[in-house]
Amino acid sequence: MRRTVLGFFCFAALQVIATAVHAQAAVKIGMIMTYTGQFTDAAAQMDNGIRLYMKQHGDVVAGKKIELIRKDSAGAPDVAKRLAQELVVNDNVDILAGFVITPEALTVADISAETKKFMVVMNAATSIITTKSPYITRSSLTLPQNCEALGTWAFQNGVKKAFTLVSDYAPGVDAESSFQRTYTAAGGQVIGSVRVPMANPDFSAFVQRAKDSGADGIFVFIPGGSQPVALAKAFVERGVDPSKLRIMGQGELAEESALKAMGDAAIGIVTAFHYDYTHDSILNKEFVAAYNMEFKRNPDFFSVGGYDGMHIIYEALKKTEGKTDGDGLIQATKGMTWESPRGPVSIDPGTRDIINTVYLRRVEKVNGQVRNVEIAKTENVKDPVKARLR
């Protein structure tokens, strides 16, 4: 009897040890993204970037197997927060990642701070996000990086009176204020502005208002996904000619799907952005080729955000030798540098935010194809708002 009981307890102990070893051998990453709803394609592109990185670099890092647990927020911030809580409490994830839109990232930031979980924002671009938890870093962009550069360029290139048209949520306000700040500082005059409901399906009335304002140029910010195509349609229907009325904005405005919707009517649009699949570098050409082979489409900025986000996670784990505590991982990201498909990037050790090149592009027709053509660039751009606060 004694031998049987002893055998039972030895077996139980071995089970506990085996379970612990298995737990230590995996790094669980909770991916919170908009797999359904308005931003479905954005999540698909980001997920593609994640999948490609893991295919190229394997699913074991520092002796630990990478396990992704995907959760669909459908674009609802309250759902994103609930999912984050469940991932931490029920699934025991080590890292939180994804976040297509800002409202999701902001609600989950509280969870990251409270539980000391490393959090990698792969798209959401409002400047304040990394300030909401000391364990957040970002692999995408910040709106002030692009929009301030565009504001200065606009005045220097003949736009003396501007009208701003932005989505009515935190990123839209961030983009609007960033553009206006440098544009007015340079000498420009903002003669009108309108904020559009985030889920707005029809931009016609707003575009007409901007067209009738008497402005030399229209600055636009709308989120990526389905809206750039809808806005492009409104510009065409309302007869807005970029050669006569300058249309400017963040890169979403001239993404591949929007350009296809506008056709030749897009020629002349100017955007400031950190990535385009036509970026001329050896690494990007290899990235685009691999992406096309795997997914039968071109990558976009969501794709690069996911791809670079996984790079941050992998490299941080290598530095910590597989340890997943939030303090160790976030410390490992500070000052990290690498070559991305977008060009050289790094993580600001002070703000934990991305530093990259901002490209000014104009839509032109090249070999019969309407596409973005680089006209200027500024390298090593930090978030200018955070730089002023430091």
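Use the structure listed above.
Residues numbered from 1 in each chain as written. Predicted model: local features only at pLDDT ≥ 70, side-chain atom pairs only at ≥ 80, totals over all residues. Heavy atoms only, no water.

Draft legend 1. Representation of the overall build of the protein chain within the structure. The helix and strand inventory of the protein chain stands at 13 helices and 15 strands. In terms of C-alpha radius of gyration, the protein chain reaches 23 Å, essentially the compact-globule figure of 21 Å for 390 residues. For the protein chain, the residues scored as buried account for 54% of the 390 residues in total. Sequence separation of 24 or more characterises 67% of the internal contacts of the protein chain that already satisfy a separation of 6 or more. Summing over all exposed atoms, the protein chain offers an accessible surface of approximately 16000 Å²; the carbon and sulfur share of this is 54%. Distance between charge centroids for the protein chain: 2 Å, based on 44 positive and 42 negative side chains. (Helix = DSSP H or I, 4+ residues; strand = E, 2+ residues; numbered from the N terminus. Rg over C-alpha atoms; globule rule 2.2 N^0.38 Å. Buried < 20%, exposed > 50% of the residue type's maximum accessible area, 1.4 Å probe, protein only. Contact = heavy atoms within 4.5 Å. Areas by Shrake-Rupley, 256 points an atom, 1.4 Å probe, with all protein chains shown as cover. Lys, Arg positive; Asp, Glu negative; His and termini not counted. Charge placed at Lys NZ, Arg CZ, Asp CG, Glu CD.)

Draft legend 2. The arrangement of the packing of helix α2 (residues 40–57) against helix α11 (residues 301–320) in detail. One way to put it is that α2 packs onto α11 with a least axis distance of 7 Å and a crossing angle of 40 degrees. The angle between α2 and α11 falls in the class oblique. Relative to α11, α2 is oriented so that their crossing is right-handed. Counted together, Ala 42, Gln 45, Met 46, Gly 49, Ile 50, Leu 52, Tyr 53, Met 54, Gln 56 and His 57 of α2 and Phe 302, Ser 303, Gly 306, Tyr 307, Met 310, His 311, Tyr 314 and Glu 315 of α11 form the full contact between these two elements. When the residues that make up the contact of α2 with α11 are grouped by side-chain class, the tally is ten nonpolar, seven polar and one charged. (Axes fitted to C-alpha atoms, helices over the stretch in contact; angles between N-to-C directions. Parallel < 35°, antiparallel > 145°, perpendicular 65-115°, else oblique. Left-handed = near helix turned anticlockwise from the far one by under 90°. Nonpolar A, V, L, I, M, F, W, Y, C, P; charged D, E, K, R; others polar.)

Draft legend 3. Region of interest: the packing of aromatic side chains. What the rule picks out here adds up to eleven aromatic pairs. Where Phe 155 meets Tyr 183, the ring centres are 6.5 Å apart and the plane angle is 75 degrees; that geometry is what we call edge-to-face. Taken together, the residues span a long stretch of sequence, with Phe 155 in helix α5 (residues 143–156) and Tyr 183 in helix α6 (residues 170–186) at a distance of 28 residues. Taken as a pair, Phe 155 and Tyr 183 share a single burial class, namely buried. Positioned over the ring face of Phe 155 is Lys 160, at 4.0 Å from the centre of the ring. (Phe/Tyr/Trp six-rings, centres within 6.5 Å; stacked < 30°, edge-to-face > 60°. Lys NZ or Arg CZ within 6 Å of the ring centre and 35° of its normal.)

Draft legend 4. Expanded view of the side chain of Ser 133. If you trace the backbone, Ser 133 turns up in the loop between β5 (118–121) and β6 (136–138). Assessed through its relative accessible area of 1%, Ser 133 is described here as buried. Leave out the neighbours within four places in its chain, and Ser 133 touches Ala 109, Ser 112, Ala 113 and Arg 352.

Draft legend 5. Molecular detail of α2. Taking 1.5 Å of rise per residue, 18 residues should cover 26 Å, and α2 covers 26 Å from first to last C-alpha, within 8% of that figure. Of all the residues in α2, the buried ones are Ala 42, Ala 43, Gln 45, Met 46, Asp 47, Asn 48, Gly 49, Ile 50, Leu 52, Tyr 53 and Met 54. Turning to α2, the residues buried within the fold contact β1 (26–33), β3 (64–72), β4 (95–98), α10 (282–295) and α11. Of the residues one or two after α2, Gly 58 is the one with positive phi, at around 80 degrees. (Expected span 1.5 Å × (residues − 1).)

Draft legend 6. Highlighting empty space enclosed by the protein. Within the structure shown, the criterion is met by two cavities of 30 Å³ or more. In this structure, the largest cavity spans a volume of roughly 140 Å³. Lining the largest cavity we find 19 residues, and of these Val 100, Asn 123, Tyr 169, Phe 221 and Glu 252 sit closest to its centre. The volume enclosed by the second largest cavity comes to roughly 30 Å³. Lining the second largest cavity are Glu 255, Glu 256, Tyr 275, Asp 276, Tyr 277, Pro 299 and Asp 300. Within the lining of the second largest cavity, the residues separate by chemical class into three nonpolar, no polar and four charged. (1 Å grid on protein atoms, 1.4 Å probe; cavity = no way out; pocket = protein on both sides within 12 Å on 5 of 7 lines; lining within 4 Å. Points joined across faces, edges and corners; volume = space filled by probe spheres on them.)

Draft legend 7. How the structure looks around the sheet that holds β1. Overall, mixed pairing links the six strands, which are arranged β2-β3-β1-β4-β5-β6 in an open sheet. Unpaired on one side and paired on the other, β2 (60–61) and β6 mark the two borders of the sheet. Pairing of β5 with β6 involves three bridges; the strand directions are parallel. Paired with Met 119 across the bridge in β6 is Ile 136. Against the sheet, α11 touches β1, β2, β3, β4, β5 and β6, its axis set at about 150 degrees to β5. Against the sheet, helix α12 (residues 326–333) touches β4, β5 and β6, its axis set at about 40 degrees to β5. (Pairing = 2+ DSSP bridges.)

Draft legend 8. Structural view of the environment of Ser 303. Looking at the secondary structure, you find Ser 303 in helix α11. Distance in space between the C-alpha atoms of Ser 303 and Val 381 is 21 Å, their sequence separation being 78 residues. When near neighbours in sequence (up to four residues on either side) are disregarded, Ser 303 contacts Gln 45, Met 46, Gly 49 and Tyr 291. Within the local environment of Ser 303, its side chain forms a polar contact with the backbone oxygen of Gln 45, the two atoms lying 3.4 Å apart. (Polar contact = N/O pair within 3.5 Å; in protein donor to acceptor, adjacent residues only side chain to side chain.)

Draft legend 9. Representation of the side chain of Asp 174. Here Asp 174 is to be found in helix α6. Buried and unpaired, Asp 174 has no salt bridge, with Arg 181 as the nearest side chain of opposite charge at 5.6 Å. Residues within four places of Asp 174 in sequence aside, it is in contact with Ala 125, Thr 126, Ser 127, Leu 143 and Pro 144. (Salt bridge = Lys/Arg side-chain N within 4 Å of Asp/Glu carboxyl O.)

Draft legend 10. Examining the nonpolar core more closely. Grouped together as the largest cluster of nonpolar side chains are 71 residues, with contacts concentrated most on Ile 29 and Ile 313. Here this core gets ten residues from one element, more than from any other, and that element is α11. Residues within four places of Ile 313 in sequence aside, it is in contact with Ile 29, Ile 95, Ala 97, Phe 118, Val 120 and Met 122. One finds Phe 163, Ala 215, Ile 218 and Ile 222 within the second-largest nonpolar core, a separate group that totals 27 residues. (Core = buried A, V, L, I, M, F, W, Y, C linked by side-chain atoms within 4.5 Å.)

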